[in-house]
Amino acid sequence: MHCGWAQSWSPLVVMLAIWIFCPYYYAKSNNKNLPMKNILAQPLTLPCGAVLPNRISKAAMTEGLALPDGLPTPELNRLYGLWSDGGAGMLLSGNIQIDRDHLERPGNVVVDRKPNKAMRTALASWATAATRNGNHFWAQISHAGRQTQKIVNPNPKAPSAVKLGLPGGQFGEPVPLTKAEIKSIVRCFGVCAAAVKEAGFTGVQLHSAHGYLLSQFLSPRSNLRTDDYGGDLANRARALLESVAAVRAAVGPEFPVAVKLNSADFQKGGFDFADSLQVVQWLEQAGVDLIEISGGTYEQPKLLGVAGMEEEEKQQVAESTMIREAYFVDFALAMQNKVSIPLMVTGGFRQRLVMEQALESGSADLIGVGRPMCVMTDAPNQLLAGLDELPRYENDLALFPRWLSFLGAFKPLRALATFAVQYWYYEQIYALGHRGEADNNLTVLAATKQIMAREKKLTAK
Ligand SMILES: Cc1cc2nc3c(=O)[nH]c(=O)nc-3n(C[C@H](O)[C@H](O)[C@H](O)COP(=O)(O)O)c2cc1C
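Residues numbered from 1 in each chain as written. Predicted model: local features only at pLDDT ≥ 70, side-chain atom pairs only at ≥ 80, totals over all residues.

## Notes on the site of the ligand
Heads up, the condition is: Residues are counted as near a molecule or strand when the C-beta atom, derived from backbone positions, lies within 6 Å of that molecule or strand. Counting from the N terminus, the helices are DSSP H or I runs at least four residues long and the strands are E runs at least two residues long. Three classes are used, and their members are as follows: Ala, Val, Leu, Ile, Met, Phe, Trp, Tyr, Cys and Pro are nonpolar, Asp, Glu, Lys and Arg are charged, and the others, Gly among them, are polar.
Lining the immediate surroundings of the ligand are 24 residues, of which Ala59, Ala60, Gly370, Arg371 and Tyr425 lie closest. Residue assignment for the shell around the ligand shows that the elements contributing at least two residues are strand E4 (90-97) and helix H12 (411-435). With three residues, H12 is the largest single contributor of residues to the shell around the ligand. Looking at the shell around the ligand residue by residue, the classes come out as 10 nonpolar, 12 polar and two charged.

## Let's talk about the nonpolar core
Across soluble globular proteins, nonpolar side chains have a tendency to be buried as a group. Here is the rule we go by: Note on terminology: a nonpolar core is any set of buried Ala, Val, Leu, Ile, Met, Phe, Trp, Tyr and Cys residues joined through C-beta atoms within 7 Å. Backbone-placed C-beta atoms define the burial measure: a residue is buried with 20 or more other C-beta atoms within 10 Å of its own, exposed with 12 or fewer, and partly exposed in between. Contacts here follow a simple rule: the backbone-placed C-beta atoms of the two residues must lie within 7 Å.
Among the nonpolar cores identified, the biggest contains 121 residues, and Phe189, Ile291 and Val345 are the most heavily contacted of them. The element that contributes the greatest number of residues to this core is helix H4 (residues 179-199), accounting for 11 residues. Those residues in contact with Phe189 that lie beyond four places of it in its chain are Ile98, Ile141, Leu206, Ser243, Ala246 and Val247.

## A word on the packing of helix H2 (residues 74-85) against H12
Just so we agree on the cut-off: The axes used here are C-alpha line fits, helices contributing only the stretch in contact, and every angle between their N-to-C directions lies in the interval 0 to 180 degrees. In these notes the angle categories are as follows: under 35 degrees is roughly parallel, over 145 is roughly antiparallel, 65 to 115 is roughly perpendicular, and the rest is oblique.
Interaxial distance between H2 and H12 falls to 7 Å at its minimum, and their mutual angle equals 100°. What the angle tells us is that H2 and H12 run roughly perpendicular. Side by side, H2 and H12 meet where Glu75, Leu76, Arg78, Leu79 and Leu82 of the first sit next to Ile429, Leu432, Gly433 and His434 of the second. The residue inventory of the contact of H2 with H12, partitioned by class, reads five nonpolar, two polar and two charged.

## With respect to the environment of Asn54
Position of Asn54 among the secondary structure elements: in the loop between strand E2 (51-52) and strand E3 (56-58). Residue Asn54 is classed as buried on the basis of its 23 C-beta neighbours within 10 Å. Spatially, the C-alpha atom of Asn54 lies 27 Å from that of Ala250, the residues being 196 residues apart in sequence. Setting aside its immediate chain neighbours within four residues, Asn54 contacts Leu40, Ala41, Gln42, Pro43, Gly89 and Leu384.

## So, the pairing of strand E12 (residues 343-346)
To keep it simple, the criterion reads: We call two strands paired when DSSP finds no fewer than two bridges between them. Handedness of a crossover: with both strands directed away from the viewer, a clockwise path from the first strand across the helix to the second marks it as right-handed.
By the alternation rule, side chains of E12 split into Leu343 and Val345 and Met344 and Thr346, which are all buried. Two strands pair when backbone bridges link them, and strand E11 (residues 290-294) and E12 are joined in this way by three bridges, in the parallel orientation. Each residue of the ladder has a partner; that of Glu292, found in E12, is Met344. In terms of handedness, the path from E11 via helix H9 (residues 329-336) over to E12 forms a crossover that is right-handed. Bridging between E12 and strand E13 (residues 366-369) involves three bridges; their strand directions are parallel. Across the sheet, Thr346 pairs through a bridge with Gly368, a residue of E13.

## Examining the packing of H2 against helix H3 (residues 117-130)
Which entries qualify depends on this criterion: By the definition used in this description, the sense in which the near helix is turned from the far one sets the handedness, with an anticlockwise turn below a right angle giving left-handed and a clockwise turn giving right-handed.
For the pair H2 and H3, the least separation of the axes is 7 Å and the interaxial angle reads 20°. Compared by their axis directions, H2 and H3 come out roughly parallel. For the element pair H2 and H3, the recorded crossing hand is right-handed. On the side of H2, the interface is formed by Leu76, Asn77, Tyr80, Gly81 and Ser84, while H3 contributes Ser125, Trp126, Ala129 and Ala130.

## Section: helix H10 (residues 352-360)
Taken together, the buried positions of H10 are occupied by Met355, Gln357, Ala358 and Leu359. After H10 finishes, the residue Gly362 shows a positive phi value of roughly 85°.

## Here's the deal with the confidence of the model for the protein chain
Applied cut-off: A residue's pLDDT is simply how confident the predictor is in it, with values from 0 to 100.
Residues of the protein chain with pLDDT of at least 70 account for 92%, and the chain-wide mean is 91. Counting interchain partners and residues more than four positions distant, the pLDDT-below-50 stretch residues 1-9 has zero contacts. Here residues 11-35 is a poorly scored stretch, pLDDT under 50, and it has 17 contacts once near neighbours within four places are set aside; other chains count.

## Topic: unusual backbone geometry
Residues other than glycine seldom take positive phi values, yet His210 does so here, at roughly 60°. On the secondary structure map, His210 appears in the loop between strand E9 (203-208) and helix H5 (213-218). The backbone of Phe266 sits at a positive phi, close to 60°, despite the residue not being glycine. Tracing the sequence through the fold places Phe266 in the loop between strand E10 (257-262) and helix H8 (273-285).

## Regarding the pairing of E11
Counted residue by residue, E11 has five buried out of five residues, so it is predominantly covered. The side-chain alternation of E11 yields two buried faces, one formed by Leu290, Glu292 and Ser294 and the other by Ile291 and Ile293. Pairing analysis gives five bridges linking E10 to E11, with the strands arranged parallel. Its bridge partner being in E11, Asn262 is matched across the sheet by Ser294. Read as a crossover between parallel neighbours, the route from E10 over H8 to E11 is right-handed.

Structure, rendered in structure tokens:
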């Protein structure tokens, strides 16, 4: 009788156990909706099999520390050694350019051909320093297109002859790429990826956000082509997808390949959220391991949470109940319904609770942290040890004192003020690379003067 009771109840017990434990195992195997404590410390397994040791990544930040010919330097090694000690599961390099005539900024690392011995050695030392704590170090590979400054190239190549809409004359008139030149750029992405893999980098990310070349192709505002690289979205995404394929062919199936993509450009008639939802699905089909979600361009710097030159174009996305701090979590949440590959979300994360909420809700699988790392290099370790909130330097930095803040109403001055604040971060990165510590007394004005003088020197022929 006792046995009979157990027999009649056992299917129920088994079903109950499945109901309780299945979501846990599903979540674990899928890296999503993790119900665990200390979620930031959980490893993340990527489709290619690579494992990131935790859920915090240092976001890509241009360093400007390379030699004029694009060679990495001991200063880059010092900087990335510090960041590796800081506890992030993954460090993304700043823009590494695949074409020396299209730098995002003087002082970029450039890998635009099969490296010679000096380049191989310099890349390898950089990778060794940046991985000294067992974290990942990925190369962000990029081409600046029309966002190349005039001091680097007065007539940069771009999808179409559409000049950047910024006042100040910093950017020249672009020249449309021929199809043969596009094919050559696609090949260069592959060459660069193979070189960084050989040097000891542990992953690669194609930069297709923030208005750089691949993002220019995606936008109907900057891409007016009538050949098979322009027109409908499938054509506008062709340069990106061909570049992804070239990179995958160069690095093989077991090496992480990622893409940084805008959730939207937030500009009227630009790359919008519906486009982005489609592109993430194509990227998943193309075998990408991780997509980093950001947004905006130089004209509309939403990536930094800053107002642009024109009114922001609102996007159709369901508003979640998550705390309003990080800029792109709602977009990422909507994307998670379309793809199953991991998403990294970057922009505005400062509170540990908000990061945990993004991971727990399934919105993000990896949290990108940028600006705080320019001073607090061990921000990830501090968060993992329980720090509640990272510093918000952005709240206190301004080119103009408060009583002159009305000057921001004038577009040229607003653009200058946005760049000047960026220069403060550039200069902190310079200080970390040269002296191993941030500069506590740095002002935005001093940083602007120093950066401008240095960039002029780097581009002096
Ligand atoms: C100084 C600085 C340099 C940056 N350079 C790059 C870059 O090289 N590539 C890139 O994709 N994003 C770059 N960004 C954007 C960051 O990766 C990130 O998207 C942005 O700072 C928002 O994150 P945060 O709010 O945590 O700072 C840069 C941002 C800053 C502040």
